[in-house]
Amino acid sequence: MTHTGLLAVWLGAVAPIAPSSATDRVIVRVEPKTAAELALAIDAAVDVLTHHPTLGPIDVMLHPAGRARLDVAGVDYRVLVPDVAVQIEAERQRLATRDGAPWLETYHDADELDARLDTLAARFPDLAQVFDVGQSVEGFGVRGLRISAATGDRPSVVIQAMQHAREWISPMVAFCTAEALLEGYASDPNLAAALDAVEVFVIPVVNPDGYQYSRDESRYWRKNRGAPSGIDLNRNWGEGWGLDSGSSSWPESDAYRGTEPFSEPETDAVRSFIASRPLLQTVADLHSYGALVASSWAYTNDPPQDIALLRAWGATVTAQFNAHGDWVFRSLHSEDANTALGNASGTAPDWVHGALEIPAFTIELPPDNLDPNGWGFLLPAEEIGPACEQTVPGLLELVHFAAGTDEPTVTITSPDMAQTVGDAFDVLVQARYRGPFERVVLLIDGEATDAVDELRPFSLPAWGLEPGPHSLVARATTWDGLVAESEPVEILVGDGGSEDDDDDDDDDDDDDDDAPLDSY
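These figures come from a predicted structure and were not determined experimentally. (Residues numbered from 1 in each chain as written. Predicted model: local features only at pLDDT ≥ 70, side-chain atom pairs only at ≥ 80, totals over all residues. Heavy atoms only, no water.)

Draft legend 1. Seen up close, the overall build of the chain. For the chain, the count of helices and strands is 14 helices and 21 strands. When each of the 520 residues of the chain is scored for burial, the buried share is 57%. Restricting the contact set of the chain to residue pairs at least 6 apart, pairs at least 24 apart contribute 76%. In the structure as shown, the chain presents an accessible area of about 19900 Å², 49% of it carried by carbon and sulfur atoms. (Helix = DSSP H or I, 4+ residues; strand = E, 2+ residues; numbered from the N terminus. Buried < 20%, exposed > 50% of the residue type's maximum accessible area, 1.4 Å probe, protein only. Contact = heavy atoms within 4.5 Å. Areas by Shrake-Rupley, 256 points an atom, 1.4 Å probe, with all protein chains shown as cover.)

Draft legend 2. Just the side chain of Thr-300, in detail. Along the chain, the position of Thr-300 falls in the loop between strand E10 (292-295) and helix H10 (307-323). Taking the relative accessible area as the measure of exposure, Thr-300 reaches 19% and is therefore buried. Polar side-chain contacts of Thr-300 include one of 3.2 Å to the backbone nitrogen of Asp-302. (Polar contact = N/O pair within 3.5 Å; in protein donor to acceptor, adjacent residues only side chain to side chain.)

Draft legend 3. Structural detail: the pattern of salt bridges. With the rule as written, the count across this model stands at 22 salt bridges. One salt bridge in this structure joins Asp-24 and Arg-25, with 2.5 Å as the shortest N-O distance. Across the pair Glu-438 and Arg-439 runs a salt bridge whose closest N-O atoms are separated by 2.1 Å. One salt-bridge network, held together by shared partners, links Arg-146, Asp-153, Glu-199 and Arg-277. (Salt bridge = Lys/Arg side-chain N within 4 Å of Asp/Glu carboxyl O.)

Draft legend 4. Region of interest: the pairing of strand E5 (residues 128-135). Here seven bridges tie E5 to strand E6 (residues 141-147), and the two strands are oriented antiparallel to one another. Bridge pairing in E6 links Gly-134 to Val-142. (Pairing = 2+ DSSP bridges.)

Draft legend 5. Fine view of the sheet that holds E6. The strand order across the open sheet built from eight strands is E5-E6-E8-E7-E9-E12-E10-E11, with neighbouring strands paired in mixed fashion. Sheet topology places E5 and strand E11 (330-333) at the edges, where each strand pairs with a single neighbour. Averaged over all neighbouring strand pairs, the angle between strand axes comes to 20°, with direction disregarded. Sheet analysis places E10 next to E11, joined by four bridges and oriented parallel. Counted as the bridge partner of Leu-292 is Arg-330 from E11. (Axes fitted to C-alpha atoms, helices over the stretch in contact; angles between N-to-C directions.)

Draft legend 6. Structural detail: the sheet that holds strand E13 (residues 409-414). Strands sit in the order E13-E15-E18 across an open sheet of three strands; the sheet is antiparallel. Single-partner strands in this sheet number two, and they are E13 and strand E18 (458-463). On average, each strand axis in the sheet is inclined to that of its neighbour by 30°, with strand direction left out of account. Summarising the sheet, strand E15 (residues 424-432) and E18 pair through six bridges and their orientation is antiparallel.

Draft legend 7. Region of the structure containing the packing of helix H9 (residues 265-275) against helix H12 (residues 348-356). One can describe the packing of H9 onto H12 by two numbers: an axis separation of 12 Å at closest approach and a directional angle of 40°. Judged on the interaxial angle alone, H12 and H9 are oblique. For the pair H9 and H12, the sense of crossing is right-handed. Where H9 abuts H12, its residues Arg-271, Ile-274 and Ala-275 lie against Trp-351, Val-352 and Leu-356. Grouping the amino acids of the contact of H9 with H12 by side-chain chemistry returns five nonpolar, no polar and one charged. (Parallel < 35°, antiparallel > 145°, perpendicular 65-115°, else oblique. Left-handed = near helix turned anticlockwise from the far one by under 90°. Nonpolar A, V, L, I, M, F, W, Y, C, P; charged D, E, K, R; others polar.)

Draft legend 8. Highlighting the environment of Ser-253. Looking at the element boundaries, Ser-253 is found in the loop between helix H8 (208-216) and H9. Under the relative-accessibility criterion, Ser-253 is labelled buried at 1%. Between the alpha carbons of Ser-253 and Asp-47 there is a distance of 9.7 Å; along the sequence they are 206 residues apart.

Draft legend 9. Quick look at the packing of aromatic side chains. Evaluation of the coordinates by the stated rule reveals 18 aromatic pairs. With centroids separated by 5.6 Å and ring planes inclined at 75°, the aromatic side chains of Trp-237 and Phe-262 adopt a geometry described as edge-to-face. One end of the pair, Trp-237, is in the loop between H8 and H9; the other, Phe-262, is in the loop between H8 and H9, and 25 residues separate them in sequence. For the residue pair Trp-237 and Phe-262, the accessibility class agrees, reading buried in each case. (Phe/Tyr/Trp six-rings, centres within 6.5 Å; stacked < 30°, edge-to-face > 60°.)

Right, here's the structure in full:
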């Protein structure tokens, strides 16, 4: 059976569950060895939790009869959650004990998430402004936060989250990214330079009705609340809409695409907002779970013309993710992703890439597909902070993407010209380009050193220099082979350190004063 055929089985079989029907459900990780076993697992499932299931481990929710079908057929599986109702109730009780907890230590309802936008705008009036996007099916306002130190139209990034209601971690990571930008402006020269040049628009909750329904009524609910049984917003965008390879015409399916493209007020409003940005550079669409960076096309295996750039950026974002946490992220694009995951039609990133001809990315947040805990969509609140720590640096790469220049530029930001330093110090480098960098290398007195960095923030260690004057140059190579060098910075290495070293120690004592909001 082809991937398309398998998806057709999946899309036709899946229906959302309500808490009242969760009492006899289990979640298992199936290890299908053949297409027939995979098809059986999908057909037996009440809900397929793994996005675009294909051969390899997939997580499914089963009732007793479905589990019996796997047992009779001899399909291998492992029980992750022995009682879904108990899992949902345990989460509810844990959250009930966290009323009044710090922001990053619990999940918040739709009203609280919306109010957080106003809180941030009030705390950072020079950098943040709330904007209206539109309204949901049930009349809830869909709003966002503009973040920039500049006025007027600038190159811009859109970070949106919560198209799918059960993916509670996604708006939290969106807010973490917003707060990292706001807090970092005063302390991080690289972020400050980016926000002086760009606008970042964060839309943390695209689907407020579905999210609140997931909190109040049906924890595994995925769609919005449109008639008759909800619409999958990330199958309602125009590019590839209507294809059965990755969406469904059956209203009860979790991947129901609606009656026409942009039939839903949420997708129509977000589409209109995105299209209104004249200098938009990229869009990130946050989901869970799976720990994945993917790009166009999702609805066809034919690669786009800029597939090399998409892969390069995906690799850089993924490298940042994997450098900052334990969940293992993958970078899969176009035919790579579709071979591994199957197709998805009518998605937001495909529409952005097709209609606006700019890069757009699907970011699947933690946990990864091999999570041994069986957390899936119910990532514990204790994991919000670690998820933010791991993913925010990669999302900030997309801000640097928007702030990039057509030709690469490189600047040494520390040490300063004519500064006296000790015999060991770090050279901080700011590099800008509308594409990722392969590496940045330090040259001392015209000779390349072993000091190499491949990820932002670029920091190149220097040590063992003889006392006296030295010349520092940073050389950056881009993903597509362009090379740029900084202007030389002339420094003086003193005997036995310098007063600057003592000043640095004093600054360290004040680090707590600069701690970010609800630090993560």
